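# Structural characterization, general
Here is what each chain is made of, one letter per residue.
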Amino acid sequence: MHEALAHLHPYPFEKLARLKSTARAARHKTPLDLSIGEPQHETPRLVIEAMAQHLPQMARYPTTRGTEELRTAIVKWLTARFRLPKSSLVADLHVLPVAGTREALFAFAQCVVDRTRPDPVVAMPNPFYQIYEGAALLAGANPYYINNRDDADALPRFDAVPAEVWERCQLLYVCSPGNPTGKVLSPQVYERLLALADHHDFVIAADECYSEIYLEETRAPPGLLEVAAQCGRHDFRRCVVFHSLSKRSSVPGMRSGFVAGDAEILKAFLHYRTYQGCAMPLYTQAASIVAWDDETHVRENRALYRQKFDAVLPILQPVLELTRPDAGFYLWPRVPIDEVEFTRGLIARENVTVLPGSYLAREAHAGNPGTRRVRIALVPPLVQCIEAAHRIRKFVESLI
Ligand SMILES: Cc1ncc(COP(=O)(O)O)c(C=O)c1O
């Protein structure tokens with residue numbers, strides 16, 4: 001067996017399942033689950049229709065590179081969304097379809113990390129999406145956790161990373177908008193990271209899968225490619241972004257996303273993926289094209305999340321320290337007692353499930369930045385989110 005398998009941590013939801021098995025849920029109350037970030041809004045009709053219409057294409061093998069039509073649709077979307085210079089992205093060179101960002105984020109480290117270089121490091125935010133850590137370990141690298149600031153800013157403390165760590169770093173994962181914080185990296189932070197990447201020779205993998213769930217219609221989060229282009233890096237050197245339809249179009253089961261950026265890196269990644277065997281079915285590609293081509297359903301999707309934040313925040317803010325995120329669909333409040341005990345108590349008293357913050361983070365530097373925090377995913381329908389908020393408030397009030 002691969003020796004690193006033994007170092008993989010149990011997934012947060014495995015830990016949560018164990019916790020739930022020991023908590024005696026308040027069965028007289030309807031269960032409300034706000035632990036998993038699985039979008040539950042209605043699947044856009046146009047996506048279902050396109051998929052249904054193209055189902056007979058399952059008779060053909062798809063290619064790893066994807067169809068020209070899909071790559072062109074992706075380039076069109078990226079160019080418009082991130083105001084990239086016309087023709088700076090080329091469908092044949094700069095984009096590849098992936099079966100959701102999860103597999104791509106994992107596979108990317110396997111492709112990029114050079115194990116022959118001494119002590120490779122893959123750096124990542126802390127708290128994080130756990131795939132970054134598993135990807136680093138299985139690629140033979142040491143994960144380096146960059147703790148978030150414990151203030152309203154809540155961004156990773158990139159400036160606290162020692163130069164010798166940057167020197168060994170081969171790959172840096174960033175997540176903007178962040179899961180679980182909902183914080184967005186500013187162009188200035190991205191510029192600083194680009195300078196570090198040039199100086200220390202590493203690749204930046206920007207997980208932007210929440211980029212379309214922003215809360216103010218006029219304030220779309222910036223992306224890494226956008227900042228790179230604004231800095232005159234028209235070759236997107238060292239930059240790769242990861243996008244997905246899962247959150248944008250509420251189709252987590254469709255498994256459709258893409259990677260885009262540095263042509264040299266994508267060429268190597270295509271080569272790697274040819275062997276991995278992860279080509280997207282042609283009917284999924286056809287449905288993805290109509291999804292990337294349409295913004296109406298995405299605006300409607302955002303409006304639904306906005307409604308939830310507008311309804312839930314006034315209920316919770318009087319009892320919990322929490323801020324409105326810039327984007328995403330999570331709340332990341334500080335809680336008055338140990339986060340695991342809080343979660344257990346909330347299940348036992350109110351039959352509401354959230355995720356303990358420490359399950360999404362590691363003990364590093366000055367502690368575990370998920371301590372005394374929980375993640376609340378506003379994915380159920382509005383009425384359920386409101387009901388859950390009232391029950392959480394009642395539970396918090398019983399503690400103080
Ligand atoms: C930060 C982050 N990245 C990536 C993913 C994977 O999403 P998908 O594989 O559906 O694109 C998730 C899913 O919850 C996530 O939270």
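About the thresholds
Residues numbered from 1 in each chain as written. Predicted model: local features only at pLDDT ≥ 70, side-chain atom pairs only at ≥ 80, totals over all residues. Near = placed C-beta within 6 Å. Nonpolar A, V, L, I, M, F, W, Y, C, P; charged D, E, K, R; others polar. Helix = DSSP H or I, 4+ residues; strand = E, 2+ residues; numbered from the N terminus. Expected span 1.5 Å × (residues − 1). Buried ≥ 20, exposed ≤ 12 C-beta atoms within 10 Å, placed from the backbone. Contact = placed C-beta atoms within 7 Å. Domains from an automatic or database assignment. Axes fitted to C-alpha atoms, helices over the stretch in contact; angles between N-to-C directions. Parallel < 35°, antiparallel > 145°, perpendicular 65-115°, else oblique. Left-handed = near helix turned anticlockwise from the far one by under 90°. Core = buried A, V, L, I, M, F, W, Y, C linked by C-beta atoms within 7 Å. Pairing = 2+ DSSP bridges. Right-handed = clockwise from strand over helix to strand, strands pointing away.

As a matter of local geometry, the ligand sits amid 13 residues, with Gly100, Thr101, Arg102, Ser244 and Ser246 nearest to it. Here the shell around the ligand is built from residues that sort into four nonpolar, seven polar and two charged.

If you check helix H11 (residues 282–293), its first and last C-alpha atoms are 17 Å apart, about what 12 residues at 1.5 Å a residue would give, namely 16 Å. Among the 12 residues in H11, 10 count as buried, and that is most of the element. For H11, the set of buried residues is Leu282, Thr284, Gln285, Ala286, Ala287, Ser288, Ile289, Val290, Ala291 and Trp292. Against the buried residues of H11 lie helix H2 (45–54), helix H3 (68–81), strand E2 (95–98) and helix H9 (245–248).

According to the domain assignment, the chain contains domain 1 (3–42 + 297–399) and domain 2 (45–294). Distance between the C-alpha centres of domain 1 and domain 2: 26 Å. Across the boundary between the two partners, domain 1 contributes 36 residues, which contact 34 residues of domain 2. Sort the elements by how many residues they give to the side of domain 1 that touches domain 2 and helix H12 (residues 296–316) lands first, with seven residues.

On to the packing of H3 against H11. Remark: H3 packs on H11, axes separated minimally by 9 Å, with the N-to-C direction vectors making an angle of 20°. By the angle between their axes, H3 is roughly parallel relative to H11. Here H3 and H11 pass one another in a crossing that is left-handed. Judged by residue contacts, Glu69, Leu70, Ala73, Ile74 and Trp77 of H3 engage Gln285, Ser288, Ile289, Trp292 and Asp293 from H11.

Attention now moves to the packing of H2 against H11. A pair of packed helices is captured by two measures, namely the crossing angle of their axes and the spacing between those axes. Across the interface, H2 lies against H11 with an axial gap of 8 Å and an inter-helix angle of 150°. The orientation of H2 relative to H11 falls into the category roughly antiparallel. Like other packed secondary-structure pairs, H2 and H11 cross with a definite hand, here right-handed. Contact residues: Leu46, Val47, Ala50, Met51 and His54 in H2; Leu282, Tyr283, Ala286, Ala287, Val290 and Ala291 in H11. In the contact of H2 with H11, the residues fall into 10 nonpolar, one polar and no charged.

Counting 113 residues, the largest nonpolar core has Ile74, Val122, Leu171, Ala205, Leu225, Val259 and Leu378 as its most contacted members. Here this core gets seven residues from one element, more than from any other, and that element is H11. Counting contributing residues, this core receives three or more from each of domain 1 (3–42 + 297–399) and domain 2 (45–294).

Here we take up the sheet that holds strand E3 (residues 121–126). Read across the open sheet, the seven strands follow the order E2-E8-E7-E6-E5-E3-E4; overall the sheet is mixed. Of all the strands in the sheet, just E2 and strand E4 (142–147) have a single pairing partner and so form its edges. Between one strand and the next, the sheet's axes are offset by a mean angle of 20°, whatever the strand orientation. Where strand E7 (residues 239–244) lies against strand E8 (residues 257–261), five bridges are found, and the strand directions are antiparallel. In the strand pairing of E8, Val240 is matched with Gly261. Here H3 sits on the sheet and contacts E2 and E8; the angle it forms with E2, its principal contact strand, is near 110°.

A separate point is the pairing of E7. Consecutive side chains of a regular strand alternate in pointing toward one face of the sheet and then the other. Along E7, six of the six residues are buried, which leaves the element largely enclosed by surrounding structure. The alternating pattern of E7 places Cys239, Val241 and His243 on one face and Val240, Phe242 and Ser244 on the opposite face, and all of these are buried. In the sheet, strand E6 (residues 203–207) pairs with E7 via four bridges, with the strands oriented parallel. Paired with Ala206 across the two strands is Val241, which belongs to E7. Handedness of the β-α-β unit built from E6, helix H8 (residues 224–230) and E7 comes out right-handed.

Moving on: the sheet that holds strand E12 (residues 374–377). By definition, the strands of a sheet pair up through backbone hydrogen bonds, in either a parallel or an antiparallel sense. Taken together, the three strands give an open sheet; going across it, the order is E9-E12-E11, and neighbouring strands pair in antiparallel fashion. With one partner strand each, in any of the chains shown, strand E9 (330–331) and strand E11 (355–356) form the two edges of the open sheet. Here E11 pairs with E12 via two bridges, running antiparallel. Residue Pro356 lies in a different strand from E12, and its bridge partner there is Val374.

Let us look at helix H5 (residues 131–138). For H5, the tally of buried residues reaches seven of eight residues, placing the bulk of the element in the interior. Of the surrounding elements, those touching the buried residues of H5 are helix H4 (101–112), E3, E4 and strand E5 (169–175). In the segment just after H5, Gly140 is the residue with positive phi, at about 85°.

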